[in-house]
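Here is how the chains run, residue by residue.
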Amino acid sequence: MSLYDDGFASGSNGVLAVNDMAVYDDPRPLASLPPAREVPIMARDEEEEVAVQAPIISQYNHRIRPLLDAIDRLRLLNVMKEGIQLPTIVVVGDQSSGKSSVLESLAGISLPRKQGICTRVPLIMRLQSHQSPTPEIHLEYSDKKVPVEESHIPTAINLATNEVAGDGNGISNTPLTLVVQKAGVPDLTMVDLPGITRVPIHGQPENIYEQIRDIIMEYIKPEESIILNVLSAAVDFSTCESIRMSQMVDKTGDRTLAVITKCDRAPEGLFEKVNGDDVNIGLGYVCVRNRLGDESYEEARREEARLFQNNPHLSRIDKSIVGVPVLAKNLVEIQARIIGKSLPVIVKNISDKLSANLLELEKMPKSLTSVTDAMTAFVRIIGATKESLRKLLLRGEFDEYPDDRNKHGTARLFEMLDEFSAKLHNLEQSDPTKEFLLEEINVLEDAKGIVLPNFLPRNAFLRILRRKVDQISNIPIEFTEKVWDYTDKVVTSILMRHSETYYQLKLSTKRAAHNLVEKKKEQSINRVKEIVQMEKLTDYTCNPDYMTEWTRLMSQQEMFVSNVTNALNNVCGYSSRVALQGFGEIEVEHLRKHTYVLQQAFDLKMRMTAYWKIVLKRLVDSMALHLQYSVHNLVNYDIEEIVNELMGPDGHGIERMLVESPAISGMREKLKKSIKLLEESKDVVGKIMDRIAGYDE
């Protein structure tokens, strides 16, 4: 009797069923799905003689076989590199657990054997039941398809492994695919992974365990993977490294099936182990006896049947979980269920990934084939840059960079202007009462001439004004440099973002933008120097605040002069410290020798005090207006000078845009290859879905 009979059903919702078992579109975990109808593998006649089951044969119904073929085709296309996970039976086990022997028993072939690690690369085994008595076997690796004689399989695998992973004992994550088309084998696709070892042997790296662990975790982590955990009956299952790894990704055990090997070597207590299930194996256990020595596979199956029937310890184990034929049957059914369950998700993921890649390719800049195309693209870059800069530096709209406060230009420029104003106003002497009026007196002494008495010479005022302007002359220049350095960073950053896909333009565009801003900065600095120079040459304002402030300050002149005179004459009740509103208490002893010029010096001081406030405000206003005007012109007009610089004196500079960057061309080719692969994959799953839909008609 074959493992599958003709008991197929197709529900109204497109669900396929095999022997009352759902194989498509069932959301429940595998472990919770109803078990398939058991097929006895042994029978006793009246004399209790052992009757051996026929060879392992799985003849897929035409409705089921295409599912596996479709998945194998997707695997061959390497769709998994696109992040599309495929249902996979992954074979794991500690070193020397009998993993290779189990696979040999299922496939009816010999695999490489040696001390240490037999499997050094992932080996994808595609077993296909074949009607012809002559097996057809080949290896696929490195874009090659190599036919292999059955007797030469171990040698061929070793040679291919050496080519992929190198000579020696190192491992690699590059897989080999062994296709076995042979009568009597189950229709299965499995991935055999290197056996887990902690101690490196000669020729292996010190981190061999970590390398093997990483490969295993990569394969067993996806929810679509079924973990076939091969365990030796001679060990405590809970101490096996393969169990620990599978429990890390499959805590409930719903995706794990355990195969117990070497049952003949340690039969005692095995019944309790598989029935107690201390390690939470959701898909259950299957106990097997592998081929020994020169036994044929038919002889091995007979010996296996006798062992589990006659051994006093092993005969207690339920016959539904013993024998390689049962393992083959369970794997085939589990594989059918997981493929059916995963297929709708695979279809959706392929479609979503294809749509995303097509959209990404569409967003990429078109390859430029002419100077006209290049010029059009560059004008578009400049236009987009200008609009972004208008938002950031002129209108205060930050929707393009809501979280990057450094690019909120209008706010940052205001902060810099506020700091500039504060620095100007705070640069006065730390103690304005110290040696009060001495500077004014000295200037007036130097300005003596044959003039009317009590006349306030203008050149005395200008001397003090020039000195004060000289003291602050570097501050406006530093402020101007700071503003333009900030503007340079913003302009360059925005321009780079809009020209990101034109690698060949980025460096030249960045340089051109920097040169433009440096030019504007130099112009601004020259303009600021003119503004400062004008303040040194001219003592003028029409601002009424000057007269108001001077009048207020001068209202204290008579009181101040009187108090100073009385203090210096030691009049009772007057001290050498005189209070003056706006200045504080002033020590006046140093004025004893200058009483004759006290009124003029006080007037000069108050004029300068009132006028200096006007000068500072005027400087702040002038700087604000000039820089705002300059930034406005830069964004709206001057930035187009970048085009002229890139064009070059001969007008051929723009042709550099015709050479696409290696990164962009590589990304474009990668997307095209991905799209081609996904389209082929979509065609594969589309055909199988159409076939499934046709079952209900």
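Everything numeric in this text was worked out from a predicted model, so none of it was measured.

Participant: I keep staring at the overall build of the protein chain and nothing clicks. Help me out?
Facilitator: Helix and strand counts for the protein chain come out as 19 helices and 16 strands. Per-residue burial for the protein chain yields a buried fraction of 50% across its 697 residues. Relative to all contacts within the protein chain whose residues are 6 or more apart in sequence, the contacts with residues 24 or more apart total 77%. Taken as a whole, the protein chain presents about 34000 Å² of accessible surface, with 51% of it coming from carbon and sulfur.

Participant: Before we go on, may I ask you to explain the packing of aromatic side chains in this structure?
Facilitator: Aromatic ring pairs: the centre-centre distance and the angle between the two ring planes describe each pair. As enumerated under the stated definition, the model contains 7 aromatic pairs in all. The interplanar angle of 90 degrees and the centroid separation of 6.1 Å between the aromatic rings of Tyr 546 and Tyr 611 together place this pair among those described as edge-to-face. A residue pair is termed long-range when its members are at least 10 positions apart, and Tyr 546 in helix H15 (residues 544–554) and Tyr 611 in helix H17 (residues 598–636) qualify at 65 residues. On the accessibility criterion, Tyr 546 (13% relative accessible area) is buried.

Participant: Explain the pairing of strand E12 (residues 225–232) here, please?
Facilitator: On a regular strand, each side chain points to the face opposite its neighbour's, so the side chains alternate between the two faces of the sheet. Extensive coverage of E12 is indicated by the burial of 8 of its 8 residues. Burial along E12 is two-sided: the residues Ser 225, Ile 227, Asn 229 and Leu 231 and Ile 226, Leu 228, Val 230 and Ser 232 are all buried. Across 6 bridges, strand E6 (residues 88–93) lies against E12 in parallel orientation. From the neighbouring strand, Gly 93 faces E12, where its bridge partner is Val 230. In this region the chain leaves E12, passes through helix H5 (residues 241–249) and returns to the parallel neighbour strand E13 (residues 256–261); the handedness of that crossover is right-handed.

Participant: Would you mind going over the packing of helix H11 (residues 438–446) against helix H12 (residues 458–472) with me for this structure?
Facilitator: Two quantities define a packed helix pair, namely the angle between the axes and the distance from one axis to the other. Two elements in contact, H11 and H12, have axes separated by 9 Å at closest approach and are oriented at 130 degrees. When the axes of H11 and H12 are compared, the pair comes out oblique. Of the two elements, H11 crosses H12, and the hand of that crossing is right-handed. Two secondary-structure elements touch here, H11 through Glu 439, Glu 440, Val 443, Leu 444 and Asp 446 and H12 through Ala 460, Arg 463, Ile 464 and Arg 467. Its residues assigned to classes, the contact of H11 with H12 shows 4 nonpolar, no polar and 5 charged.

Participant: Is there a simple way to explain a nonpolar patch on the surface in this structure?
Facilitator: Where nonpolar side chains cluster on the molecular surface, the patch consists of Val 451, Leu 452 and Phe 455 and spans about 330 Å² of accessible area. Note on placement: Phe 455 falls in the loop between H11 and H12.

Participant: What exactly am I supposed to notice about the side chain of Asn 566 here?
Facilitator: Along the polypeptide, Asn 566 turns up in helix H16 (residues 557–568). Once residues within four sequence positions are removed from consideration, Asn 566 is found in contact with Val 571 and Tyr 574.

Participant: Help me out: how do you make sense of the pattern of salt bridges in this one?
Facilitator: Two side chains that carry opposite charge are able to pair once their charged atoms sit near each other. Inspection of the entire model under this criterion finds 43 salt bridges. Two residues, Lys 99 and Asp 192, come together in a salt bridge whose shortest N-O distance is 2.7 Å. Placement of the pair is Lys 99 in helix H2 (residues 99–107) and Asp 192 in strand E11 (residues 188–192), with a sequence separation of 93 residues. Asp 192 matches Lys 99 in its accessibility class, with the two residues each being buried. Between Asp 638 and Lys 520 there is a salt bridge; the shortest N-O distance is 2.7 Å. On the criterion of sequence distance, the pair formed by Asp 638 in the loop between H17 and helix H18 (641–647) and Lys 520 in helix H14 (residues 503–537) is long-range, its members being 118 residues apart. A single network of salt bridges, built from pairs that share partners, joins Glu 387, Arg 390, Arg 395 and Glu 397.

Participant: How should I be thinking about empty space enclosed by the protein in this particular structure?
Facilitator: Left-over empty space is what a probe sized like a water molecule reveals as it rolls over the atoms. For the coordinates displayed, the defined rule picks out 3 cavities of 30 Å³ or more. Its boundaries defined by the atoms lining it, the second largest cavity holds a volume of some 60 Å³. In this structure, the second largest cavity is lined by Leu 68, Ile 71, Arg 75, Pro 87, Thr 88, Ile 89, Thr 189, Gln 335, Ile 338 and Ile 339. Those elements that place two or more of their residues in the lining of the second largest cavity are helix H1 (65–77), E6 and helix H8 (324–363). Split by residue class, the lining of the second largest cavity holds 6 nonpolar, 3 polar and 1 charged.

Participant: What should I look at first to understand the packing of helix H10 (residues 409–425) against helix H13 (residues 474–498) in this one?
Facilitator: Between H10 and H13, the least distance of the axes is 10 Å, while the angle of their chain directions is 165 degrees. On the basis of their axis angle, the class for H10 and H13 is roughly antiparallel. The interaxial crossing formed by H10 with H13 has right-handed handedness. Residue-level inspection shows Gly 409, Arg 412, Leu 413, Met 416, Leu 417, Glu 419, Phe 420, Lys 423 and Leu 424 of H10 in contact with H13, the latter providing Ile 475, Pro 476, Glu 478, Phe 479, Lys 482, Val 483 and Tyr 486.

Participant: How do you make sense of H1 when you look at a structure like this?
Facilitator: Given 3.6 residues to a turn, an α-helix orients residues that are three or four positions apart in the same direction. In this model H1 runs 18 Å from its N-terminal to its C-terminal C-alpha over 13 residues, within 8% of the 18 Å that 1.5 Å per residue would give. Listing the buried residues of H1 in full gives Arg 65, Pro 66, Leu 67, Leu 68, Ala 70, Ile 71, Asp 72, Leu 74, Arg 75 and Leu 77. Asn 78, located one to two residues past H1, shows a positive phi value of around 65 degrees.

Participant: Any chance you could explain the side chain of Lys 605 here in plain terms?
Facilitator: Residue placement: Lys 605 occurs in helix H17. The exposure class assigned to Lys 605 is buried, which follows from its relative accessible area of 18%. Non-local contacts of Lys 605, meaning those with residues more than four positions away in its chain, are made with Phe 436, Leu 437, Glu 440 and Phe 583.

Participant: Mind showing me how you'd approach the sheet that holds strand E7 (residues 123–129) here?
Facilitator: In a beta sheet, neighbouring strands are held together by backbone hydrogen bonds and run either parallel or antiparallel to one another. Reading across from one edge, E9-E8-E10-E7-E11-E6-E12-E13-E14 is the order of the 9 strands in this open sheet, with mixed pairing throughout. Edge positions in the sheet fall to strand E9 (144–147) and strand E14 (285–287), since each of these pairs with one other strand and no more. On average, each strand axis in the sheet is tilted by 25 degrees relative to the strand beside it, whichever way the strands run. Of the pairings in the sheet, the one linking E7 to strand E10 (residues 176–182) comprises 7 bridges and is parallel in character. Bridged to Ile 124 within E10 is Thr 177. Lying over the sheet, helix H3 (residues 153–165) contacts E7, strand E8 (136–141), E9 and E10, oriented at roughly 10 degrees with respect to E8.

The rules we used
Residues numbered from 1 in each chain as written. Predicted model: local features only at pLDDT ≥ 70, side-chain atom pairs only at ≥ 80, totals over all residues. Heavy atoms only, no water. Helix = DSSP H or I, 4+ residues; strand = E, 2+ residues; numbered from the N terminus. Buried < 20%, exposed > 50% of the residue type's maximum accessible area, 1.4 Å probe, protein only. Contact = heavy atoms within 4.5 Å. Areas by Shrake-Rupley, 256 points an atom, 1.4 Å probe, with all protein chains shown as cover. Phe/Tyr/Trp six-rings, centres within 6.5 Å; stacked < 30°, edge-to-face > 60°. Pairing = 2+ DSSP bridges. Right-handed = clockwise from strand over helix to strand, strands pointing away. Axes fitted to C-alpha atoms, helices over the stretch in contact; angles between N-to-C directions. Parallel < 35°, antiparallel > 145°, perpendicular 65-115°, else oblique. Left-handed = near helix turned anticlockwise from the far one by under 90°. Nonpolar A, V, L, I, M, F, W, Y, C, P; charged D, E, K, R; others polar. Patch = residues over 30% accessible without salt bridge, like charges linked within 9 Å, V, L, I, M, F, W, Y side chains within 5 Å. Salt bridge = Lys/Arg side-chain N within 4 Å of Asp/Glu carboxyl O. 1 Å grid on protein atoms, 1.4 Å probe; cavity = no way out; pocket = protein on both sides within 12 Å on 5 of 7 lines; lining within 4 Å. Points joined across faces, edges and corners; volume = space filled by probe spheres on them. Expected span 1.5 Å × (residues − 1).

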